[in-house]
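Coordinate analysis (summary)
Spelled out, the chains give:
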Amino acid sequence: MISKYRTQFNELFSDENYLEFQNSIASDFDYLPTFRMAESPFFISNELKSQLLEGCNAVIDLILDKDFKKLTAKSLDLNSKVPNEDEHTTFLAIDFGICEENGATIPKLIEVQGFPSLFNYQSVLYTKFLKQYPFLSELTPYVNGISEEDYLSILETAICNNHPKENVILLEIEPEKQNTKIDFYYCKRDIGIPIVCVTELVKKGKQLFYKDNNGNEILVKRIYNRVIFDELELRTDLELNFNFEDDLDVEWAGHPNWFFRISKYILPYLKGKYFIETTLLSDLKAIPSDLENYVLKPLFSFSGTGVIFHVKREDIEAVKDKELYILQKKVHYQPIVQSPDGKVKAEVRMLYIWQKGASKPTPLSNLVRLSRGEMIGVKFNKDKDWVGGTLGLFER
């Protein structure tokens, strides 16, 4: 989107540089992420940045509505309901496809999540790109003029809420097996909290404990929750010593209920130029005759699981729990990133934190995924280059 930087980057790019970039990340923990790292950042113009923030503000306006909890109450009835929900979400991730409409570039909302994303990894990613391409210091991945130090300070406060680090844990299902574990490693390094599997927690009364490296039982006061419930429900092999629906004496950095409240569940309620026509399947009056223009999505899945891109009438008819699916109009992603051999599509995830005492969430940074396939997900981009996870860089 910023031709000056795109030209400069592509002129300096080489396979050797990309390998050094990968090795720089792998060397931190002797581990290379299992997801594909894209070769290039996405250069975001001020015009596109303004559009992204305008679209985000429209989403946030709905979340700020005094009746939002009432509006989304059913999302909890359809899922697990965790006690002691806080006043508002801590984390917010808003995904926009960079699309083309009437010959113009426009971001279109694809998904919204009241759940943390790769907050730590993304800040490290900028330093890694900067090491290979020093001219990128003219740009920033951060919003509102904040520095890396400001960013990490806000993130640490959101995660820890001033508790001692040993009493705050990053909680996940078998974290060592997760594709996102590189983010956990950077969180442990930069924030200083332990990574704990759900099976390692022990419940005593209303309190939870984990064991440190010396075998000492440590009280958990706050949980940085990275557990996805649809994955947890599938893992019937896991033996947990507590239940998420227990009334626990613990704080949540990212209360689980917000994963359901702020999700694809709210997409049908969003109207405007940045939003896509979306219908809850239970509200669908008639199956469209032009299903080739639609995508069928489960409401509460993660990372694209369960999405049917080429929808057939029988797919819709086969859905039993129609309250758990949406039918969404397809959008036309614009091939916008110039690679050495053609153009690539992009999706931007704007990352927000809602700080304690603040009236609304604060935009901080972003995550970008590049694609040559029909969709952004991995299965649509196998054996392709200049695709995968990266970050967007804004003009200072």
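Structure: above.
Residues numbered from 1 in each chain as written. Predicted model: local features only at pLDDT ≥ 70, side-chain atom pairs only at ≥ 80, totals over all residues. Heavy atoms only, no water.

Observations regarding the packing of helix H6 (residues 119–132) against helix H7 (residues 148–160)
Packing of H6 against H7 brings their axes to within 11 Å, and their N-to-C directions diverge by 170°. Between H6 and H7, the interaxial angle falls into the category roughly antiparallel. Contacts between H6 and H7 pair Phe-119, Asn-120, Ser-123 and Thr-127 from the former with Glu-148, Tyr-151, Leu-152 and Leu-155 from the latter. (Axes fitted to C-alpha atoms, helices over the stretch in contact; angles between N-to-C directions. Helix = DSSP H or I, 4+ residues; strand = E, 2+ residues; numbered from the N terminus. Parallel < 35°, antiparallel > 145°, perpendicular 65-115°, else oblique. Contact = heavy atoms within 4.5 Å.)

Topic: the packing of aromatic side chains
Applying the stated criterion across every chain yields a total of 25 aromatic pairs. A ring pair is formed by Phe-13 and Trp-386, whose centres lie 5.2 Å apart and whose planes are at 75°; its orientation type is edge-to-face. Here Phe-13, found in the loop between helix H1 (3–12) and helix H2 (15–29), pairs with Trp-386, found in the loop between strand E17 (362–371) and strand E18 (388–390); they are 373 residues apart in sequence, far enough to count as distant. We note that Phe-13, like Trp-386, is buried. One aromatic cluster is present, formed by Phe-115, Phe-229, Phe-242, Phe-244, Trp-252, Phe-259, Phe-260 and Phe-300 through successive ring pairs. Here the basic side chain of Lys-204 rests over the ring of Phe-209, its NZ or CZ set 5.4 Å away from the ring centre. In this structure, Lys-330 packs its charged tip against the face of Phe-309, placed 4.2 Å from the ring centre. (Phe/Tyr/Trp six-rings, centres within 6.5 Å; stacked < 30°, edge-to-face > 60°. Buried < 20%, exposed > 50% of the residue type's maximum accessible area, 1.4 Å probe, protein only. Lys NZ or Arg CZ within 6 Å of the ring centre and 35° of its normal.)

Some points on the sheet that holds strand E10 (residues 222–225)
Think of a sheet as strands paired side by side through backbone hydrogen bonds, with each pair either parallel or antiparallel. The strand order across the open sheet formed by 4 strands is E6-E5-E10-E11, and the pairing between neighbours is parallel. Two strands bound the open sheet, and with one partner strand each, they are strand E6 (195–197) and strand E11 (251–253). Recorded for the sheet is a direction-independent mean angle of 35° between the axes of neighbouring strands. Across 4 bridges, the pairing between strand E5 (residues 168–172) and E10 is parallel. Paired with Leu-171 across the strands is Asn-225, a residue of E10. Helix-sheet contacts for H7 involve E5, E10 and E11, and the interaxial angle to E10 is about 120°. (Pairing = 2+ DSSP bridges.)

With respect to unusual backbone geometry
Phi is positive for Asn-144, close to 65°, though the residue is something other than glycine. By secondary structure assignment, the location of Asn-144 is in the loop between strand E4 (139–140) and H7. Residue class for Asn-144 comes out exposed when judged on its relative accessible area of 53%. Even without a glycine there, the phi angle at Trp-386 is positive, about 55°.

Re the pairing of strand E13 (residues 294–298)
Among the 5 residues of E13, 5 are classified as buried, and the element is accordingly described as predominantly covered. Strand direction decides the pairing type here: E13 and strand E14 (residues 325–329), joined by 5 bridges, are antiparallel. In the strand pairing of E14, Pro-298 is matched with Tyr-325.

Brief notes about the nonpolar core
The biggest cluster of nonpolar side chains holds 98 residues, and the ones touching the most others in it are Phe-42, Ile-94, Tyr-121, Leu-171, Leu-201, Phe-244 and Met-350. With 8 residues, the top contributor of residues to this core is helix H3 (residues 46–64). Excluding anything up to four places from it in sequence, Met-350 contacts Leu-52, Leu-53, Cys-56, Leu-92, Ala-93, Ile-94, Val-143, Ser-365, Asn-366 and Phe-394. Counting 22 residues, the second largest nonpolar core, distinct from the first, contains Tyr-151, Ile-159, Val-168 and Ile-193. (Core = buried A, V, L, I, M, F, W, Y, C linked by side-chain atoms within 4.5 Å.)

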